[in-house]
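Residue-level listing of the chains:
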Amino acid sequence: MDKEIAILLKEPGRNSLRQILESTNTVDLADELEKLDGQDVIIVFRMLSKVKAAEVFAHLDHSVQQAIIKAITDREIKVIIDELFLDDAVDFIDEMPADVVKRVLSNVTAETRILINQFLQYPEDSAGSLMTIEYVDLKSNMNVADAFKHIRSTGTDKETIYTCYVTDNARRLIGVVSARTLFLADKTQLIRDIMKTDFVFATTHDTRDELLSSFRELSFLAIPVVDNEGILVGIVTFDDLLVVQEEEATEDFEKMAAMSPSEEPYLKSSALLMAKNRMPWLVFLNFSVFITGAIVARYENIIAALPVIVSFLPMLMDTSGDAGSQSSTIIIRALAIEEIKISDFWAVLWKEIRVALFCGVVLAIINYIRVVLLGYDANIALIVSAALFTATFLAKTFGALLPLCAVLLKLDPAVMAVPILTTIVDASTLVVYFNLAKLIMHN
Amino acid sequence: MGNNTDLKNLEYPEDSAGRIMTTEYVELIYNMTVADAFTYIQEVGREKQNIYTCYVVNKSQKLIGMVSARTLLLSDQDLFVVDIMEPNVLSANVLDDQESLMSDIVKYGFIALPVVDDDRKLVGVFTYDDAFNVQEEEVTEDFRKMAAVSPSEVPYLSTGVFKLSMQRIPWLLLLTIFASITGFIVESYEESLAVLPALVAFVPMLMNTGGNAGTQSSTVIIRGMALGEIGLVDSFKVTWKELSVSFIVGAMLFVTTYVSVLFFGEGSVMAITVCLAMLATIIISNLTGVFLTFLAKLIKVDPAVMAAPLLTNIIDALALIVYFSLARAILRI
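Bear in mind that the values here come from a model prediction, so they are computed numbers and not experimental data.

Our focus in this paragraph is the overall build of chain A. For chain A, the count of helices and strands is 23 helices and six strands. Taken along its principal axes, the extent of the C-alpha atoms in chain A is 95 × 60 × 35 Å. Within chain A, buried positions represent 54% of all 443 residues. Looking at chain A alone, contacts between residues at least 24 apart form 68% of all its contacts between residues at least 6 apart. Entry remark: accessible area of chain A is about 19200 Å², with carbon and sulfur atoms responsible for 57%.

So, in structure tokens, the structure goes:
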């Protein structure tokens, strides 16, 4: 369709283009717009209706947003910002350079400006930074008919009308009523009689993880957000949470691969930024030479006398690395989706220890047979197998223990990840392996 | 909520839209008025999972549009549903993979996505809470694949020790066999090792750095592919990018490794050898990460299975060949 828009743009009258713009949904339109050349983006964007333009704008890449803002008039800026839901407006402004922010803020009403500034102050990744203020609020003394009237008169500007929030005179949240309940209730019933008072809410400083955790439990369409005094300040809707879920998963993947998390999509990140994200742990591994290298160096005379033992090092180290990442990955993921909690510490550890023993024994036996069949000395097979057992056992136990301890210390379990684990396990494996080799040599 | 599997649903293949969809949705007929629609919703709404998105069908049950409760509420009571409905409605086929439905919900922010059969007859809906569950399951599955553990749908704590072990042992065994190939490579350099056992001291560091660098590149590519950010057509761009990253990272590590090796107490000739091996390892790691993930994509295997474990083995083998060859050439052993 990208070609289509570019081609249709050249048609006189542009009627078929208008039709396509009308019938395509805003997310797809944003995708198509991003594929157009600089000048065409502005032309097409200006052909959109006010409401649609704002919705498309919210879905555009920040670089395209910036290009549009630079090309359009102050009046047009005001219209767009007024139409945007506050959470989208804040998102956009947060990513713009100072001069653009200044121009945008000088073109909105004082009220919007104050709100935007206030929202920008919520810490990144808090409920406050995700929420929007376009919710329906009802009063407890309204009846259902009043409520419908209120929704009809204000509902077009709301992000969701399906959950309505009941506040008292001090704007404190006292109840929640779903559109479903309103639909099914009698017109004369009072809101206070049908509202739910044991509702779930978040506070502005709740983290994304805490929001995801309640969403996992309740699958709400929107969750109300209150400040320290219980005053309703916004709502977080399910669509934003689905995106948060996706971002959190990506972040966990990156952390477990020992990288600094990045919000930029792969193809749009510069090589320099990517190198910067990957560097710290790789440099850390440099220092591991002072542990593992030092151990190897102590046994140099054994290596010189029995160089064949070196050929099993890669196998031992790889297996322990893999065994450790199996355990740590499973535990980290189970913690992330709350399949296990920190109260399960001992149950999990005990389970992993038994799994570690079992895996270690099976691998050691099979390995012994394999090494003997390959024609090596039975003693060599014995020390390799013993070291393999130790490596697997330690890797799995530490693999489970480290993320659990991270949670105990209130650290992110995904972060500790591979490099530390590998270094600990490698060091222990090397010590065991070389000492066994030494024993055999003396015999 | 979600997942209320009608008996009928079980006829559909596992992981298909048909299996996970709910049949409890509100279906409006095209010739109802808004007032009719309200009466109907009040009648049936109590048993429906989602009344906020209603689907409009024609006489032969075919999906022709969608109307939200919001639109109904804000519209004139006398209008016909067909006049206020959104006719361009995105739908999924009952046999589509649930992952693609999930991405649509995440992308468009819909409360629900209608599911139709081959005749475009409406048969169910897939809701946002299903999307949440599917996303969580898919990510868990990817994590397990990347750590070489067989997938499982049973929660961790209710899985027995034997079963947990059996999900992991086959992969570990396979990997030990792969790793022995690296062992044979090392063995062919045995004479050099006997002369200069100090070479071995840097093997763990090189292997770990290589493994880690490979994990980094493959992880970002696998995740990028899972999110649809990276496709087969991007292979050249990705290769070029990873190559650039390799040179930046490699240059930096060249310096830190040089310092580390000197502090470790080796001479500068040894340091240069290890540093060159390090640079080569980083390049090999990142490019192997690209190669394996794109290969998987090309032969239509989930790229996640190509991650860390398999990758590390290949990288180790290549990195050690380079290291020992360099050592022979530079140190003349």
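From this point, things continue past the structure.
Turning next to the interface of chain B and chain A. Taken together, the contacts link 114 residues of chain B with 112 residues of chain A. Taken as a group, Phe132(B), Phe143(B) and Tyr156(B) account for 8% of the area that chain B buries against chain A, more than any other trio of residues on that side. Here chain B and chain A share four salt bridges between them. A salt bridge links Lys107(B) to Asp31(A); its shortest N-O distance comes to 3.0 Å. For the pair chain B and chain A, the number of links is 24 residue pairs in polar contact (both at pLDDT 80 or more).

The next thing to look at is helix α17 (residues 271-287) of chain A. Because each turn of an α-helix spans 3.6 residues, side chains separated by three or four positions end up pointing in the same direction. With 17 residues, α17(A) extends 25 Å between its outermost C-alpha atoms, agreeing within 8% with the 24 Å of an ideal straight helix rising 1.5 Å per residue. Residue Met279(A) marks the point of greatest curvature in α17(A), where the axis turns by about 45°; the proline Pro280(A) follows within four residues.

Turning our attention to empty space enclosed by the protein. Counted under the stated rule, the structure contains three cavities of 30 Å³ or more. Of the volumes computed, that of the second largest cavity is approximately 80 Å³. The set of elements that each furnish at least two residues to the lining of the second largest cavity consists of α21 (345-373) of chain A together with α7 (161-187) of chain B. The greatest single-element share of the lining of the second largest cavity, amounting to four residues, is contributed by α7(B). Residues belonging to the lining of the second largest cavity are distributed by class as follows: six nonpolar, three polar and two charged.

Residues and elements named next belong to chain A. Mapped onto the secondary structure, Asp240 falls in helix α16 (residues 238-256). For the buried Asp240, which has no salt bridge, the nearest side chain bearing the opposite charge is Arg208, at an N-O separation of 9.8 Å. In contact with Asp240, other than residues within four places in its own chain, are Asp87 and Leu130.

Residue and element names in this part refer to chain A. In this structure, Phe345 sits in helix α21. Each C-alpha atom, one on Phe345 and one on Ala387, is 28 Å from the other, the two residues being 42 residues apart in sequence. Excluding residues within four positions of it along the chain, Phe345 makes contact with Leu401, Leu404, Cys405 and Leu408.

Turning our eyes to something else, we now look at the sheet that holds strand β1 (residues 25-29) of chain B. Sheet strands line up and pair through hydrogen bonds in the backbone, either parallel or antiparallel. All names here are of chain B. Judged by pairing direction, the sheet is mixed, and its three strands sit side by side in the order β1-β2-β3 without closing on themselves. Sheet topology places β1 and β3 (63-68) at the edges, where each strand pairs with a single neighbour. Averaged over neighbouring strand pairs, the angle between their axes works out to 35° when direction is ignored. In this sheet, β3 lies alongside strand β2 (residues 50-57) in antiparallel orientation, the contact comprising five bridges. Note on β3: the bridge partner recorded for Cys54 is Val67. Sheet strands in contact with helix α2 (residues 34-44) are β1 and β2, and its direction is about 150° off that of β1.

Rules used throughout
Residues numbered from 1 in each chain as written. Chains lettered and ligands numbered in written order. Predicted model: local features only at pLDDT ≥ 70, side-chain atom pairs only at ≥ 80, totals over all residues. Heavy atoms only, no water. Helix = DSSP H or I, 4+ residues; strand = E, 2+ residues; numbered from the N terminus. Buried < 20%, exposed > 50% of the residue type's maximum accessible area, 1.4 Å probe, protein only. Contact = heavy atoms within 4.5 Å. Areas by Shrake-Rupley, 256 points an atom, 1.4 Å probe, with all protein chains shown as cover. Buried area = accessible area lost by both parts, 1.4 Å probe. Salt bridge = Lys/Arg side-chain N within 4 Å of Asp/Glu carboxyl O. Polar contact = N/O pair within 3.5 Å; in protein donor to acceptor, adjacent residues only side chain to side chain. Expected span 1.5 Å × (residues − 1). Bend = angle between axes of the 7 residues up to and from the residue. 1 Å grid on protein atoms, 1.4 Å probe; cavity = no way out; pocket = protein on both sides within 12 Å on 5 of 7 lines; lining within 4 Å. Points joined across faces, edges and corners; volume = space filled by probe spheres on them. Nonpolar A, V, L, I, M, F, W, Y, C, P; charged D, E, K, R; others polar. Lys, Arg positive; Asp, Glu negative; His and termini not counted. Pairing = 2+ DSSP bridges. Axes fitted to C-alpha atoms, helices over the stretch in contact; angles between N-to-C directions.

Keep in mind these numbers describe shape, not what the thing actually does.
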